[in-house]
Amino acid sequence: MKYADFEKGNNELKFWDSTKVELKSFAPEGQDKTIRFFRRKNISPWKEEAKIFSRSGFSSIREPFIIEPWNQILIDEANKYGTLVDKNKEDALRGKISDDKVLKETKMSVAKIMNEELIWVARGQMVCHPESLIYGEIDEIWYSEKEDTYYVGDTKTASQVDKMTYWYQLSIYIEILRALNPNKKISSTAIIDWVKIKKEKWVFNKDFDESKWKSFIGKKVTPKDPVYRSRWNDKKPLSPPEETNLLIKRDLSKIGLIDHIKNELNFIRKYQLTSPKSFEDLVKENSSLKEDNELLQSKYDSIGTRIKNA
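Each value, and the rule that gives it
Residues numbered from 1 in each chain as written. Predicted model: local features only at pLDDT ≥ 70, side-chain atom pairs only at ≥ 80, totals over all residues. Heavy atoms only, no water. Helix = DSSP H or I, 4+ residues; strand = E, 2+ residues; numbered from the N terminus. Rg over C-alpha atoms; globule rule 2.2 N^0.38 Å. Buried < 20%, exposed > 50% of the residue type's maximum accessible area, 1.4 Å probe, protein only. Pairing = 2+ DSSP bridges. Core = buried A, V, L, I, M, F, W, Y, C linked by side-chain atoms within 4.5 Å. Contact = heavy atoms within 4.5 Å. Expected span 1.5 Å × (residues − 1).

What follows concerns the overall build of the protein chain. Within the protein chain one finds 8 helices and 8 strands. Here the protein chain has a C-alpha radius of gyration of 21 Å; the compact-globule value for 310 residues is 19 Å, and the two agree. Each principal axis of the C-alpha distribution contributes one length, and for the protein chain these read about 55 × 55 × 40 Å. Looking at the protein chain as a whole, 47% of its 310 residues qualify as buried.

What follows deals with the pairing of strand 6 (residues 149-156). Burial of strand 6 is extensive: 8 of the 8 residues sit out of reach of the surface. Judged by which residues are buried, strand 6 turns out to be covered on both faces: T149, Y151, G153 and T155 on one side and Y150, V152, D154 and K156 on the other are all buried. Two strands pair when backbone bridges link them, and strand 5 (residues 134-144) and strand 6 are joined in this way by 5 bridges, in the antiparallel orientation. Each bridged residue has a counterpart across the sheet, and for Y143 the counterpart in strand 6 is Y150. A loop of 4 residues connects strand 5 with strand 6, the two strands running antiparallel in sequence, and D148 in this loop sits at a positive phi of about 50°. Both strand 6 and strand 7 (residues 189-204) contribute to a ladder of 4 bridges, which runs parallel. Residue pairing in the sheet places G153 in a bridge with I191 of strand 7.

Moving on: the nonpolar core. I141, W167, L252 and L257 are the most contacted members of the largest nonpolar core, which totals 49 residues. Elements that contribute at least two residues to this core include exactly helix 2 (55-62), strand 4 (119-128), strand 5, strand 6, helix 5 (164-180), strand 7, helix 6 (257-271) and helix 8 (287-308). Discounting chain neighbours no more than four positions away, the residues touching W167 are V161, A190, I191, I192, I248, K249, R250, L252, L257 and I307.

With 15 residues, helix 6 ought to run about 21 Å at 1.5 Å a step, and its terminal C-alpha atoms sit 21 Å apart, in line with that. Turning to helix 6, the residues buried within the fold contact helix 2, strand 5, helix 5, helix 7 (276-285) and helix 8. Where helix 6 terminates, the next one or two residues include Q272, which has phi positive at roughly 50°.

That bond from S239 to P240 is cis: its omega, 0°, falls within 30 degrees of zero. Tracing the backbone shows P240 in strand 8 (residues 232-251). Unlike most non-glycine residues, E117 shows phi in positive territory, near 60°. Within the secondary structure, E117 is located in the loop between helix 4 (104-115) and strand 4. On the accessibility criterion, E117 (40% relative accessible area) is partly exposed. Phi is positive for S132, which is not a glycine, with a value near 60°. Since its relative accessible area comes to 5%, S132 is described here as buried.

In a regular helix each residue adds 1.5 Å, so 22 residues correspond to 32 Å; helix 3 (residues 72-93) covers 32 Å between its end C-alpha atoms and thus fits that length. Taken as a whole, helix 3 has its buried residues at Q72, I73, Y81, G82, V85, N88, K89, E90, D91, A92 and L93.

This paragraph deals with the pairing of strand 5. Among the 11 residues in strand 5, 10 count as buried, and that is most of the element. Relative to strand 5, strand 3 (residues 53-54) runs parallel, the two sharing 2 bridges. Among the inter-strand pairings, S54 is bridged to a residue of strand 5, identified as Y135. Note that strand 4 and strand 5 share 8 bridges and pair antiparallel. Bridging from a neighbouring strand, C128 pairs with Y135 of strand 5.

So, in structure tokens, the structure goes:
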């Protein structure tokens, strides 16, 4: 059984409406990565009316990502590991690397997916809602030939996956794909490929005093800043390493998340939101938007609590 058929995904699924939007990209100065984004066509891409809400931008409204400066090192290390695993999987699935360069994490993932009788039909796929409401990048799209059904998924190398933000983003992607492909079966069951090999553990610095470093809160912290290593000593090896290798499935319709996302999209549509800035400007002066937003936030928090306690 083959485990990847990206041609099938490109031929049978629609990912955006090319008559309305175009995919653009840029490389941030000093960074080894490319940022991809959608803009409405026939408008200067930097004008506000050309902008489209990114999934990550809208998620930041519902749950702002705040990290203490003394924990930034943990986030950076986690991102490096996640990027390494993701790139290795991408290269392996596309036949760019030989078996001796394929990480154990990638082999674990492929084995799980094959056991489920699924195949990859897309990876790192940019998608945009047909009404240009919101866009994002889907980690994984799998297809079940037996069920003639597509599944939206994500690869996570985190220490836990019971986070609302993870399932929220997958719900958004399910709704985008459904809107673009009304004649295809897009499952409401989202799948997280949870794979992690932890070989080392950070050692807490017993002399760490949080009060000494509060001046760094809210600032961008880099490895050059003394606070970066203030809470942690060197790592110590784990023997044996701790391995996580699971597929976590959730029917997002049953927990009310799909319906919630439909309401979120109606919210974006109603107030013609295009970016976090457009939201911030309107929430200060539009009482109707503020009221609607508070109701949606309350529902978001309620579903998040259910996921955390499941």
